[in-house]
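Geometric and topological summary
These are the residues of each chain, in order.
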Amino acid sequence: INTLYVMFSQELEKAGLLNKTKIAEGGRKLRKSWSPSWVVLVGNSLVFFKDPKSQTPSSWRPGNSRPESSVDLRGAQLHWANDLSSKKNVFKLRTVTGNEFLLQSETDSLIKEWYKTIQNIIPPLVLS
Ligand code: I3S
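Nothing here was measured: the structure is a model prediction, and the numbers come from that model.

Helix and strand counts for the chain come out as two helices and eight strands. Sorting the 128 residues of the chain into buried and exposed places 41% on the buried side. Within the chain, contacts between residues at least 6 apart in sequence are counted, and of these 53% link residues at least 24 apart. Carbon together with sulfur atoms contributes 50% to the accessible area of the chain, which is approximately 7,700 Å² in total.

What follows covers the environment of Leu-110. Secondary-structure assignment places Leu-110 in helix H2 (residues 108-121). Leu-110 sits 92 residues away from Leu-18 along the chain, and the two C-alpha atoms are 9.2 Å apart. With near-sequence residues (within four places) excluded, Leu-110 lies in contact with Leu-17, Leu-18 and Ser-105.

For the ligand, the full set of nearby residues is Arg-31, Lys-32, Trp-34, Ser-85, Ser-86 and Lys-87. With respect to the ligand, the side chain of Arg-31 contributes an N or O atom lying 2.6 Å from an oxygen atom. Here Lys-87 contributes a side-chain N or O atom positioned 3.5 Å from an oxygen atom of the ligand. Expressed as a share of its isolated accessible area of 510 Å², the protein-covered part of the ligand is 46%.

Within the largest apolar cluster, 19 residues are counted, with the highest numbers of intra-cluster contacts made by Leu-46, Leu-73, Phe-91, Leu-93, Trp-114 and Ile-118. Sorting the residues of this core by element identifies strand S3 (35-42), strand S4 (45-49), strand S7 (90-94), strand S8 (100-104) and H2 as the ones contributing at least two each. The leading source of residues in this core is H2, at five residues. What Leu-93 contacts, discounting residues up to four positions off in sequence, is Leu-46, Val-71, Leu-73, Ala-76, Gln-77, Leu-78, Asn-99, Glu-100, Phe-101 and Ile-118.

Here the focus is the pairing of S4. Judged by how many residues are buried, S4 sits mostly within the fold: five of five residues are covered. Burial along S4 is two-sided: Ser-45, Val-47 and Phe-49 and Leu-46 and Phe-48, pointing in opposite directions, are all buried. For S3 and S4, the ladder comprises five bridges, and the chain directions are antiparallel. Within S4, the residue paired with Val-40 across the bridge is Val-47. As consecutive antiparallel partners, S3 and S4 are separated by two residues, and within that stretch Gly-43 has a phi angle of approximately 55°, a positive value.

A word on the pattern of salt bridges. Two side chains with opposite charge may pair up if their charged atoms get near one another. Scanning the model with the defined rule gives seven salt bridges in all. Among the ionic pairs, Arg-74 bridges to Asp-72, the shortest N-O distance being 2.6 Å. Overall, the relative accessible area of 40% leaves Arg-74 in the partly exposed class. Lys-92 is paired through a salt bridge with Glu-100; the nearest N and O atoms lie 3.6 Å apart. When its relative accessible area of 19% is taken as the criterion, Lys-92 is described as buried.

Thresholds, definitions, all that
- Residues numbered from 1 in each chain as written.
- Predicted model: local features only at pLDDT ≥ 70, side-chain atom pairs only at ≥ 80, totals over all residues.
- Heavy atoms only, no water.
- Helix = DSSP H or I, 4+ residues; strand = E, 2+ residues; numbered from the N terminus.
- Buried < 20%, exposed > 50% of the residue type's maximum accessible area, 1.4 Å probe, protein only.
- Contact = heavy atoms within 4.5 Å.
- Areas by Shrake-Rupley, 256 points an atom, 1.4 Å probe, with all protein chains shown as cover.
- Near = heavy atom within 4 Å.
- Polar contact = N/O pair within 3.5 Å; in protein donor to acceptor, adjacent residues only side chain to side chain.
- Core = buried A, V, L, I, M, F, W, Y, C linked by side-chain atoms within 4.5 Å.
- Pairing = 2+ DSSP bridges.
- Salt bridge = Lys/Arg side-chain N within 4 Å of Asp/Glu carboxyl O.

Below is the structure:
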C-alpha cells in the first residue's frame, strides 16, 4: 500500500532495466545473486520489479505489477564500486538501514545517467 501510494502520488523520474544484486541486509553481508531488474525511481524511492520480460518500459504501469522491493533513498549513499565486482559499470547504493545493493549495466552512458539521477535526487536525511 505504501509503495502504491508513493507511485501514484509522486513523480516518475526514471525507469529502466539494470542488473541488480543485494550484497548486505541491515549491515550483514549477503551472497551475491545478480539478476535483471526493472528499476523505477519515483519520489524518494527506488522500486525494483521482477520479471523483465513482462515489464517493458511501454507496458509498465504502477498498478499492473507488484514490486519486488523498494529502497528509501533518504540519507542513502552512492559510490562507484568497480572494485566490488568483475563486471564493469557497477555502483553501490547503501541505505541508512544498512542494506546494500549493486547496480550494473553494460551500457556506459546508461549507468552514468542512473548514477547522476539518483545522486541528484537523494534527499538529506531529516531527523525528527
Ligand atoms: O564477489 P564474488 O563472490 O566474486 O561474486 C561472484 C559470485 O557471487 C558468483 O556467484 P557464486 O559464487 O555463487 O557462483 C556470481 O555468479 C558472480 O557474478 C559474482 O561476481 P561478479 O564479479 O559478477 O560480481
